[in-house]
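Analysis of the macromolecular model
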Amino acid sequence: MSGFKWTAKKLCTVRAARKIKPGLSSYSLGNLCQSLNIPLENRHRAGGDTDATAILFSRLLEWDTEGEIEKMIKKTSQDQRLPPNLPPQDFEQLPEKPGVYYFYNKEKKVVYVGKAVNIKKRVASHFTGHNINLQRQNFLKDIYSISFEVCATELMALLLECNEIKKLWPTHNRALKRFEPKFGLYQYEARSGYKYLVLGKIAKSQSCIEVFSSEYDGIRLLRSLMEQFEIDYRFCKYGSPGEGEGLIQSDLTNLPEVELHNHQIENAIDFFLKNRPSFAIMDKGRNAEERSCIWVENGHFYGMGYFATDVAFTEASEIKDYVTPYRSNQYMMQLIYNYAEKYPGKVKK
């Protein structure tokens, strides 16, 4: 290491070629060399690509009668920060409002979804800095276009981002994928006739009472129901449905009466299901002529949408007619509960 800090200006030969030689069918290095009669030997090897790029650059300097390269290497130039394959107009159209943005690859497939309080500012932050690791460079090279959806609030943008990542599963999104529910609360009846409440890992072939992102959250609910409805702890298990069947054979002392015990289990489940809250969060709209709404039904995010400011509701449930249904998960409900606690005046039950 020499100890010198590398601060050279950047020039994208692809973007420069688009400006100086517009109208070509492709601007990849190989196709550019073929179109412009530049010899390309040892293709995809460092030496061969470097030689071809140097020749291409010298030709672009000769053909650049409008001074495009000089404009591009100025510090204030947009070309100094945008990815090489992204048209500048895609960036220019971005609004400075809350919402969700989408990055697309060459095949028009979504490769990244993000949320922002200020879409334009957030997108620009992806392209700044001097991080040259391969993962970041591949990410930037993969961006060929951008689209966006404006949301009224940051919370709506967060909820939409979660749903879009779940639906599209973009290549470059990693953080939110860890919030997939991993555990479920199940009920099953053993051969002995006793009913069990079991917290276990989610199984696609079995339906559960509730899902959880963490085992801790599931255990906390299970213990709460066990204590509130005085359920014998031997019938509340942590594991997979069916694992507790051997317990009765090893501990037959002081067992509760079957019908009474099963009734306690049923009451606990019924109580939990009926006491999951339903409410709306009413907030500002995307403009002065509308308002936004988020509807939660039976403890799950049902959907969100917009309605005109002159629309009146006699019951909160009427809001459902104005929302677009979305998927729900525990992470999203935590976002909603946190927001409702912070802004209780916006909650309509």
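Described in the following lines is the structure provided in the data block. The structure displayed is predicted, hence computed values, not measured ones. (Residues numbered from 1 in each chain as written. Predicted model: local features only at pLDDT ≥ 70, side-chain atom pairs only at ≥ 80, totals over all residues. Heavy atoms only, no water.)

**A word on the overall build of the protein chain**
We apply this condition: By definition, any uninterrupted DSSP run of H or I lasting at least four residues is a helix, any uninterrupted run of E lasting at least two residues is a strand, and each is numbered from the N terminus. Note on contacts: a residue pair is in contact if any heavy atoms of the two residues lie within 4.5 Å.
Looking only at helices and strands, the protein chain features 12 helices and 12 strands. For the protein chain, the share of sequence-separated contacts (at least 6 apart) that also reach a separation of at least 24 residues comes to 57%.

**Description of helix H8 (residues 154–168)**
Convention followed: Expected helix span is given by 1.5 Å per residue-to-residue step, counting one fewer step than there are residues. Partly exposed residues are those whose accessible area sits between 20% and 50% of the maximum for their type, while under 20% is buried and over 50% is exposed, using a 1.4 Å probe and protein chains only.
Compared with an ideal rise of 1.5 Å per residue, which puts 15 residues at 21 Å, H8 spans 21 Å between its outermost C-alpha atoms and is within 8% of the ideal. In terms of residue burial, H8 counts as a mostly covered element, since 11 of its 15 residues are buried. Residues of H8 that are buried include every one of Leu155, Met156, Ala157, Leu158, Leu159, Leu160, Glu161, Cys162, Asn163, Glu164 and Ile165, and no others. Of the residues flanking the end of H8, it is tryptophan 169, one or two places downstream, whose phi is positive at about 50°.

**Quick word on the sheet that holds strand E2 (residues 110–116)**
Let me state the cut-off plainly: When DSSP finds two or more bridges between a pair of strands, those strands are recorded as paired. Axis definition: a line fitted to C-alpha atoms, over the contacting stretch in the case of helices. Angles run 0 to 180 degrees between N-to-C directions.
Read from one edge of the open sheet, three strands run E2-E1-E3, paired in antiparallel fashion. One side of each edge strand has no neighbouring strand; the edge strands of this open sheet are E2 and strand E3 (145–150). Averaged over all neighbouring strand pairs, the angle between strand axes comes to 20°, with direction disregarded. Against the sheet, helix H6 (residues 119–126) engages strand E1 (99–104), E2 and E3, with an angle of about 40° to E1.

**Digging into the layout of surface pockets**
Picture a little ball the size of a water molecule; that probe, rolled over the atoms, points out where space is still empty. Filter applied, for reference: A cavity, in this analysis, means grid points on a 1 Å lattice covering only the protein atoms where a 1.4 Å probe fits yet has no way out; a pocket is instead an open set bounded by protein on both sides within 12 Å along at least five of seven lines, and a residue lines either one if it has an atom within 4 Å of a point. Grid points are joined across faces, edges and corners, and a volume is the space filled by probe spheres set on the points. Three classes are used: nonpolar for Ala, Val, Leu, Ile, Met, Phe, Trp, Tyr, Cys and Pro, charged for Asp, Glu, Lys and Arg, and polar for all others, with Gly counted as polar.
In this structure, the second largest pocket occupies an estimated 720 Å³ of space. Along the wall of the second largest pocket there are 29 residues; nearest its centre are Glu210, Val211, Phe212, His300 and Gln330. Secondary-structure elements contributing two or more residues to the lining of the second largest pocket are H8, strand E6 (210–212), helix H9 (215–228), helix H11 (258–274) and helix H12 (330–342). Along the lines of polarity and charge, the residues of the lining of the second largest pocket split into 12 nonpolar, 10 polar and seven charged.

**Notes on the pattern of salt bridges**
This is how the line gets drawn: Any carboxyl oxygen of Asp or Glu within 4 Å of a side-chain nitrogen of Lys or Arg constitutes a salt bridge here.
The tally for this structure, following the rule as stated, stands at 11 salt bridges. The shortest N-O distance in the salt bridge between aspartate 217 and arginine 220 comes to 3.6 Å. Of this pair, aspartate 217 and arginine 220 both sit in helix H9, three residues apart, roughly one helical turn. Of the residues examined, aspartate 217 reaches a relative accessible area of 21% and is grouped as partly exposed. In this structure, the salt-bridge partner of glutamate 297 is lysine 320, at a minimum N-O distance of 2.9 Å. Of this pair, glutamate 297 sits in strand E9 (residues 290–297) while lysine 320 sits in the loop between strand E10 (300–308) and strand E11 (323–325), and the two are 23 residues apart along the sequence.

**Comments concerning unusual backbone geometry**
Glycine aside, a negative phi is what most residues show, and trans is what most peptide bonds show. Positive phi outside glycine occurs at lysine 108, with the angle close to 65°. Structurally, lysine 108 can be placed in the loop between E1 and E2. Phi angles above zero are rare outside glycine, and asparagine 298 is one such case at about 50°. Within the fold, asparagine 298 resides in the loop between E9 and E10.

**Observations regarding helix H1 (residues 13–20)**
Each full turn of the α-helix corresponds to 3.6 residues, which orients residues three or four apart in the same direction. The buried count for H1 comes to six of eight residues, which makes it a mostly enclosed element. Taken together, the buried positions of H1 are occupied by Thr13, Val14, Arg15, Ala16, Ala17 and Ile20.

**With respect to the packing of aromatic side chains**
Let me state the cut-off plainly: Aromatic pairs are defined between Phe, Tyr and Trp rings, using the six-membered ring for Trp, whenever the two ring centres lie within 6.5 Å; interplanar angles under 30 degrees are classed as stacked, those over 60 as edge-to-face, and all others as tilted. By definition here, charges over rings are those cases where NZ of Lys or CZ of Arg is within 6 Å of the ring centre and within 35 degrees of the ring normal.
Applying the stated criterion to the full structure yields 16 aromatic pairs. Between the NZ or CZ atom of lysine 21 and the centre of the ring of tryptophan 63, over which it lies, the distance is 4.5 Å. Sitting over the face of the ring of tyrosine 306, arginine 286 holds its NZ or CZ atom 3.7 Å from the ring centroid.

**Remarks on the packing of H8 against H12**
Convention followed: Comment on the angle field: the value is read as roughly parallel under 35 degrees, roughly antiparallel over 145, roughly perpendicular from 65 to 115, and oblique elsewhere.
In contact at an axis separation of 10 Å, H8 and H12 are set at 175° when each is read in the N-to-C sense. Our classification of the angle between H8 and H12 gives roughly antiparallel. On H12, the residues touching Leu155, Leu158, Leu159, Cys162 and Asn163 of H8 are Tyr331, Met332, Leu335, Ile336 and Tyr339. Classifying every residue of the contact of H8 with H12 gives nine nonpolar, one polar and no charged.

**A few points about the environment of isoleucine 209**
Mapped onto the fold, isoleucine 209 is located in the loop between strand E5 (195–201) and E6. As for isoleucine 209 and isoleucine 269, which are separated by 60 residues in sequence, their C-alpha atoms are 7.9 Å apart. In this structure, isoleucine 209 is in contact with Leu185, Tyr186, Gln187, Leu197, Ile269, Phe272, Leu273 and Arg276, ignoring residues within four places of it in sequence.

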